[in-house]
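Chain residues, written in single-letter form:
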Amino acid sequence: MSYDLIVIGTGPGGYVCAIRAAQLGLKTVVVEKRKTHGGTCLNIGCIPSKALLHASHSFEDAKSHFPAMGVVVGEPKLDLAKMQAFKQEGVDGNTKGVEFLLKKNKIDAFIGTGRIAAAGQVEVTAEDGSKQVLETKNIVIATGSDVTRLPGIEIDEKVVISSTGALELGSVPKRLVVIGAGVIGLELGSVWRRLGSEVIVVEYLDRILPGMDGEVAKQFQRLLTKQGIAFKLGAKVTKVERKGKGAILTFEPAAGGAPETIDADAVLVAIGRVPYTQGLGLEEIGIQKDNKGRILTDAHFSTNVTGIYAIGDVIDGPMLAHKAEDEGVAVAEILAGKAGHVNYDVIPSVVYTFPEVASVGKTEEELKAAGIAYNVGKFPFTANGRAKANATTDGFVKILADATTDKVLGVHIIGAEAGNLIHEAVLAMEFGGSSEDIARSCHAHPTLSEAVKEAALAVEKRAIHM
Ligand code: FAD
Ligand code: NAI
């Protein structure tokens, strides 16, 4: 049997690409080495982490916020095994959902490791070692990414853990040291702090969340500190040694200076992710990669070998599920003779802590560096009626608009529901909208969205409630 398309990897990039290709009439097959579909995101990433964030937030709410609302329950107790089962239910529901969608779209699915034997040929090795070769016109590589390791520090997923181990812990570590104040460190650090861990985050840079708007990151750090997370910034980890049931972590100032140590019950290594191309046979067929191991592609996701494409975490760009999905749709459309496209200027990113942090477009730092003149409109949730009613007044909305044209260039939100609120900005930016466009759109009252409208009004210093 010869296919139009073989997709290797069924993460958000791969399975979405396969579905779109099938919708467009391409005879499509997927090859996935994990037993379940959905990739990193559904199995060990977005979905399980959000389930634990939701459950641990509810636990903290019941403990700390219910009494103030007059909701009287007994002292909440943690049943971690049950919480982990809740998480797994969410994962299973999602991975089974993908299996169903593949079947519904008549996409053949092979469970096994794919290796590109030649352009147009993928060899699939099943768990029992049996092999078969599939023939195809086109191949899309969507093999995703893996944890970045620290040289000399072994991840055993029990005491020295990656995000994967941090999602599976069977007991609450008394002290959790997190290496890296990025998205994973702050999300999973929040989960375990809420469940009772003392959390210390050691970060190489002198700020948290590099790449996010600086003002938002500063406010975020203040709020996380108030919640009880401790930060050691500008600190370079030099050693993590197993000791007894825990570990000792050694770090020193990044700028040089005397080393310090911290005893930890668990150490989470969260210093980024690297593209995953192991065993794909890229070297043998001469597919080019960049110096970070990402597969090089052109504007149409094509590698340097005709008929072989790549998308998602394994290529350049933010390592986000929705970016991978959009690339999956785009490459499927290109293969079907349509004009697939991804607008990389308008990809939102969200940190699902409490409060949430959400961002789209340029940061102030980026606009300054590019010499673009801009106006800022800012509105705090302390002045938003719904936030006051809900007692979730931490944070603000910040809109950056071009000083001449008023076109929205970037929006940064820290606050409850920021991850939902940001999509109004995404849509405005996708349509080339101005802050005036947002300001003149009617927003329902009382909603947190009104803070977005007020921030848009604030661009021209005419916010009503401030
Ligand atoms: P992946 O999801 O990594 O899928 C690749 C698939 O390819 C895997 O299933 C793998 O088994 C398979 N594979 C690899 N090699 C082969 C081979 N040779 N043969 C067959 N199959 C192969 N992003 C967000 O947008 N929002 C979030 O909230 C979020 N949370 C995250 C939380 C954590 C803890 C982590 C680790 C990541 C998170 N991410 C999040 C990032 C997100 O998971 C990735 O950006 C996304 O999964 C990338 O999709 P992908 O399809 O490129 O690759
Ligand atoms: P990250 O790139 O977000 O953050 C890594 C942090 O570690 C950075 O602050 C970096 O300066 C620091 N660091 C690097 N080396 C260090 C060292 N030796 N010592 C101390 N600090 C060091 O990476 P993270 O958090 O591991 O996440 C990986 C990817 O997964 C991200 O690119 C993100 O896009 C994705 N992800 C997305 C989520 C979301 O969208 N909500 C959630 C979780 C992950």
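Residues numbered from 1 in each chain as written. Chains lettered and ligands numbered in written order. Predicted model: local features only at pLDDT ≥ 70, side-chain atom pairs only at ≥ 80, totals over all residues. Heavy atoms only, no water.

What about the site of ligand 2?
If you check the shell around ligand 2, you find 22 residues, and the closest are Ile184, Glu187, Glu203, Gly272 and Val350. Glu187 is positioned such that a nitrogen or oxygen atom in its side chain is 2.9 Å from a nitrogen atom of ligand 2. Between an oxygen atom of ligand 2 and a side-chain N or O atom of Glu203, the distance comes to 2.6 Å. Contact with the protein chains covers 78% of the free accessible surface of ligand 2, which is 840 Å². At 3 residues, the largest contribution of residues to the shell around ligand 2 is made by helix H6 (residues 183–194). Each residue belonging to the shell around ligand 2 can be placed in one class, and the counts come to 15 nonpolar, 3 polar and 4 charged. (Near = heavy atom within 4 Å. Polar contact = N/O pair within 3.5 Å; in protein donor to acceptor, adjacent residues only side chain to side chain. Areas by Shrake-Rupley, 256 points an atom, 1.4 Å probe, with all protein chains shown as cover. Helix = DSSP H or I, 4+ residues; strand = E, 2+ residues; numbered from the N terminus. Nonpolar A, V, L, I, M, F, W, Y, C, P; charged D, E, K, R; others polar.)

Here we look at the site of ligand 1
Residues in contact with ligand 1 amount to 38 residues; listed here are only the nearest, Glu32, Thr40, Lys50, Gly114 and Ala321. At a separation of 2.6 Å, an oxygen atom of ligand 1 approaches a polar side-chain atom of Thr40. Note that a nitrogen atom of ligand 1 is positioned 3.5 Å from one of the backbone N or O atoms of Cys46. For ligand 1, the accessible surface in isolation is 1000 Å², of which the surrounding protein chains cover 95%.

Focus on the state of the cysteines
Should the sulfur atoms of two cysteines be covalently bonded, the bond is a disulfide. According to the stated counting rule, one finds 1 disulfide in the structure shown. Across the disulfide from Cys41 sits Cys46; the S-S distance is 2.3 Å. Taking the torsion about the sulfur-sulfur bond, which here is approximately -130 degrees, the covalent link between Cys41 and Cys46 counts as left-handed. Using a relative accessible area of 12% as the deciding quantity, one classes Cys41 as buried. The structure places no disulfide on Cys17, whose sulfur is separated from the nearest cysteine sulfur, that of Cys41, by 16 Å. Given a relative accessible area of 0%, Cys17 falls into the buried group. (Disulfide = S-S within 2.5 Å. Buried < 20%, exposed > 50% of the residue type's maximum accessible area, 1.4 Å probe, protein only.)

Here's the deal with the nonpolar core
Grouped together as the largest cluster of nonpolar side chains are 50 residues, with contacts concentrated most on Val140, Ile141 and Phe301. Tallying contributions element by element places helix H1 (residues 12–23) first for this core, with 7 residues. With residues up to four places along the chain from it excluded, the contact list for Phe301 reads Ile308, Tyr309, Ala310, Ile311, Ile315, Glu327, Ala330, Val331, Ile334, Val342 and Tyr344. Ranked by size, the runner-up nonpolar core spans 37 residues in total, among them Leu53, Leu167, Leu195 and Phe231. (Core = buried A, V, L, I, M, F, W, Y, C linked by side-chain atoms within 4.5 Å. Contact = heavy atoms within 4.5 Å.)

Details of the UniProt feature "active site" (unreviewed entry) in the protein
According to UniProt, the feature "active site" (unreviewed entry) maps to His445 in the numbering used here. Checked against the element boundaries, His445 lands in the loop between helix H13 (435–439) and helix H14 (450–459). For His445, the side chain forms a polar contact with the side chain of Glu450, separated by 2.9 Å. (UniProt positions renumbered as here; feature names shortened; annotations may be inferred.)

What to know about the side chain of Ser56
By the element assignment, Ser56 lies in helix H3 (residues 46–65). With relative accessibility at 0%, the residue Ser56 sits in the buried group. There is a polar contact of 3.1 Å between the side chain of Ser56 and the side chain of Arg194. Sequence-distant contacts of Ser56, that is, excluding residues within four places in its chain, are made with Met83, Val191, Arg194 and Leu195.

Concerning the side chain of Thr136
Tracing the backbone shows Thr136 in strand S6 (residues 131–141). Only 3.4 Å separates the side chain of Thr136 from the backbone nitrogen of Ile6, close enough to count as a polar contact. If near-sequence neighbours (up to four positions away) are discounted, Thr136 is found in contact with Ser2, Tyr3, Asp4, Leu5, Ile6, Gly120 and Gln121.

Some words on H3
The set of residues buried in H3 consists of Pro48, Ser49, Ala51, Leu52, Leu53, Ala55, Ser56, His57, Phe59, Glu60 and Ala62. Looking at the buried positions of H3, the neighbouring elements they touch are helix H2 (39–44), helix H4 (80–104) and H6.

Comments concerning H1
In a regular helix each residue adds 1.5 Å, so 12 residues correspond to 16 Å; H1 covers 16 Å between its end C-alpha atoms and thus fits that length. Most of H1 sits inside the fold, with 10 of its 12 residues counted as buried. Of the surrounding secondary structure, the elements contacted by the buried residues of H1 are strand S1 (2–8), strand S2 (28–32), H2, H4, S6 and helix H9 (321–335). Positive phi appears at Gly25, one or two residues downstream of H1, with a value of about 90 degrees. (Expected span 1.5 Å × (residues − 1).)

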